[in-house]
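# Examining the three-dimensional arrangement
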Amino acid sequence: MLVLAIETSCDETSAAVLRASDPGTRTSGTCPPHSAAAQGPGTRTQGTCPPSSASVPCSPLPAYAPEILSNIVLSQDEVHAPYGGVVPELASRQHIKTIAAVVGEALSRAGIGLDAVNLYAVTQGPGLIGSLLVGLSFAKGLAYYRKKPLVGVDHLEAHLEASFLENPGIAYPVLGLLVSGGHTALYRMDEPLSCALLGRTRDDAAGEALDKIAKFLGLGYPGGPVIEKLGRGGDPKAFPFAVPRTKDRSLDFSFSGLKTAALKHIREHRIVRDDPRLADFLASFEEVVARTLVDRVRAAVEIVRPRSLVLCGGVARNARLRARFQDFARGAALDAYIPSPKLCTDNAAMVGAVALKKHARCPTEIPDLDLDAYARA
Ligand code: KG4
Ligand code: ZN
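To keep things clear, this report deals only with the structure shown in the data block. (Residues numbered from 1 in each chain as written. Chains lettered and ligands numbered in written order. Predicted model: local features only at pLDDT ≥ 70, side-chain atom pairs only at ≥ 80, totals over all residues. Heavy atoms only, no water.)

## Focus: the sheet that holds strand S12 (residues 196-200)
On the basis of which strands lie adjacent, the open sheet formed by five strands has the order S12-S11-S10-S13-S14 and mixed pairing. The open sheet has two free edges, formed respectively by S12 and strand S14 (335-337), since each of these has just one partner strand. Across the sheet, the mean angle from the axis of one strand to that of its neighbour is 20°, orientation sign disregarded. As paired elements, strand S11 (residues 184-189) and S12 share four bridges and run antiparallel to each other. Residue pairing across strands places tyrosine 187 opposite leucine 197, the latter belonging to S12. Running at roughly 120° to strand S13 (residues 308-312), helix H4 (residues 155-166) makes contact with strand S10 (174-179), S11, S13 and S14 of the sheet. (Pairing = 2+ DSSP bridges. Helix = DSSP H or I, 4+ residues; strand = E, 2+ residues; numbered from the N terminus. Axes fitted to C-alpha atoms, helices over the stretch in contact; angles between N-to-C directions. Contact = heavy atoms within 4.5 Å.)

Here is the structure:
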């Protein structure tokens, strides 16, 4: 079984080919109607994804990790960098320009032609609607032309799946922390293709806070990697940031207070781009963001009592966050899994992995041309 997956939810044009070869052991499950619009993990505070209410008994799910034959990611960073953030109109235009070449490269690196593809997968949302529509239309065109099934995938579910691509045997229940440029959320997963939202950010996502501070200092876009690079070697205790606490027992996050505190430090200490204190400041900010995230994981562990922890999303590339997350897991005697960096940021391999599971559970032979894009979780 070969899947060609496409991801264009934001500012990366990505295509991947995955091969599912080993049927392995199987777990039974349920599936939604094929025509139902995908609803990702962010849409519910309780329940499963796909929604259990719409479920019908369906095929068992193979427990194996597919092989990634290619995973091409073309970043649009250079297009958006002059604006300090993603410009949606430019993003969709850029996807239109590059998608055919990216898909062609994914097929050629995998050493296959379109005739060998058994299944098409595409990100439906959440994301920038114009960008999503480029990938979705392209995938629909291919699936219709080749008369093969097309599976819509939720972007957040795909990020969570990235860890399972490299570690198919992760023990459930799993507590998942997703940290990206658009989302920061905690999920409980009891079985494959199932997740319940435990908490999410009430304002900025963690990546967004990093991007905004970098933009304010004129450091470039995306902010996370720049802050990591320029903060390396800085003293993370140099600037006093406090980990924000919520008054209720909620597992929600909030980063707007931290962002305001950072802007206050910048103004009070007159920190500028080539300031000798810049590394200390960036290391301190990065540290408090990492501690805030891990603090919520600690609270969630008390409630969920998971067997494993998963960290995913673009910000999971950050070495400081990876270290804090692993430190916490070791102290709590829990297994922790973090995808390798290239699988943390947006990529089509994670989309293909979800599609293979969905298709294994609910096989269909026809392309679902009713799939629609959705902007919000
Ligand atoms: O998951 P992703 O590729 O796209 C979204 O779905 O949003 O995440 C992008 C985010 C951006 O905010 C970027 O600044 C952040 O991930 N990021 C990082 C690092 N690499 C990317 N943040 C901190 N450290 C990094 N090394
Ligand atoms: Zn993402």
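Now that the structure is up, let's keep going.
## Thoughts on the packing of helix H5 (residues 206-216) against helix H8 (residues 278-304)
For the pair H5 and H8, interaxial distance at closest approach is 11 Å and the crossing angle is 170°. With respect to H8, the axis of H5 lies roughly antiparallel. Taking contact as the criterion, the partners of Ala206, Ala209, Leu210 and Ile213 in H5 are, on H8, Phe281, Phe285, Val289 and Leu293. Among the residues making up the contact of H5 with H8, the classes are represented as eight nonpolar, no polar and no charged. (Parallel < 35°, antiparallel > 145°, perpendicular 65-115°, else oblique. Nonpolar A, V, L, I, M, F, W, Y, C, P; charged D, E, K, R; others polar.)

## Some details on the site of ligand 1
As a matter of local geometry, ligand 1 sits amid 19 residues, with Gly181, Asp211, Gly224, Glu228 and Gly314 nearest to it. Interatomic distance of 2.8 Å between a backbone N/O atom of glycine 181 and an oxygen atom of ligand 1. Between asparagine 318 and ligand 1, the recorded distance is 3.1 Å, taken from a side-chain N or O atom to a nitrogen atom. Starting from 550 Å² of accessible surface for ligand 1 in isolation, the protein chains cover 90%. With four residues, the top contributor of residues to the shell around ligand 1 is helix H6 (residues 223-231). (Near = heavy atom within 4 Å. Polar contact = N/O pair within 3.5 Å; in protein donor to acceptor, adjacent residues only side chain to side chain. Areas by Shrake-Rupley, 256 points an atom, 1.4 Å probe, with all protein chains shown as cover.)

## Some thoughts on the environment of leucine 165
You can see leucine 165 is positioned in helix H4. Along the sequence, leucine 165 and leucine 343 sit 178 residues apart, while their C-alpha atoms lie 9.0 Å from each other.

## Observations concerning the coordination of the zinc ion (ligand 2)
For the zinc ion (ligand 2), every protein donor is listed as His155 (NE2), His159 (NE2) and Asp346 (OD), and the spread of their distances is 2.0 to 2.1 Å. Of note, the donors binding the zinc ion (ligand 2) are all from one chain and are spaced H-x3-H-x186-D. With a gap of 187 residues between them, histidine 159 in helix H4 and aspartate 346 in the loop between helix H10 (341-344) and helix H11 (348-361) connect regions that are remote in the sequence. Neither residue differs from the other here; histidine 159 and aspartate 346 are each classed as buried. (Donors = N, O, S within 2.8 Å, 3.2 Å for Na, K, Ca; no water. Buried < 20%, exposed > 50% of the residue type's maximum accessible area, 1.4 Å probe, protein only.)

## Observations regarding the pattern of salt bridges
For the structure on display, the rule yields 22 salt bridges. Notably, a salt bridge pairs aspartate 252 with arginine 202, separated by 3.0 Å at the nearest N-O pair. Taken together, the positions of aspartate 252 in the loop between H6 and helix H7 (256-268) and arginine 202 in the loop between S12 and H5 put the pair 50 residues apart, joining distant regions of the chain. Aspartate 252 sits in the buried class, given a relative accessible area of 18%. Residue classification places arginine 202 among the partly exposed positions, given a relative accessible area of 47%. Ionic pairing is found between arginine 296 and aspartate 295, a salt bridge with its closest N-O pair at 3.3 Å. We classify arginine 296 as buried; its relative accessible area is 5%. Given the relative accessible area of 14%, aspartate 295 is considered buried. (Salt bridge = Lys/Arg side-chain N within 4 Å of Asp/Glu carboxyl O.)

## Focus: the side chain of aspartate 204
With respect to the helices, strands and loops of the structure, aspartate 204 is situated in the loop between S12 and H5. At 2.7 Å, the side chain of aspartate 204 and the side chain of lysine 259 are in polar contact. Aspartate 204 has contacts with Lys212, Phe255, Ser256 and Lys259, leaving out every residue within four places of it along the chain.

## Describing the nonpolar core
Ranked by internal contacts, the top residues of the largest apolar core, which has 49 residues, are Leu177, Leu217, Phe281, Phe285, Leu293, Val297 and Leu309. Looking at this core, the elements with two or more residues in it are S10, H5, H6, H7, H8, S13 and helix H9 (319-331). Of all the elements, H8 adds the most residues to this core, at 13 residues. Apart from the residues within four sequence positions on either side, leucine 177 is in contact with Ala185, Leu186, Phe253, Leu293, Val297, Val310, Leu311, Cys312 and Phe325. (Core = buried A, V, L, I, M, F, W, Y, C linked by side-chain atoms within 4.5 Å.)

## Considerations on unusual backbone geometry
A cis amide bond, omega -5°, links glycine 125 with the succeeding residue proline 126. Proline 173 follows tyrosine 172 through a cis peptide bond whose omega is 0°. Structurally, proline 173 can be placed in the loop between H4 and S10. Located in the positive-phi region is arginine 305, a residue other than glycine, with phi close to 50°. Tracing the backbone through its elements, the reader meets arginine 305 in the loop between H8 and S13.

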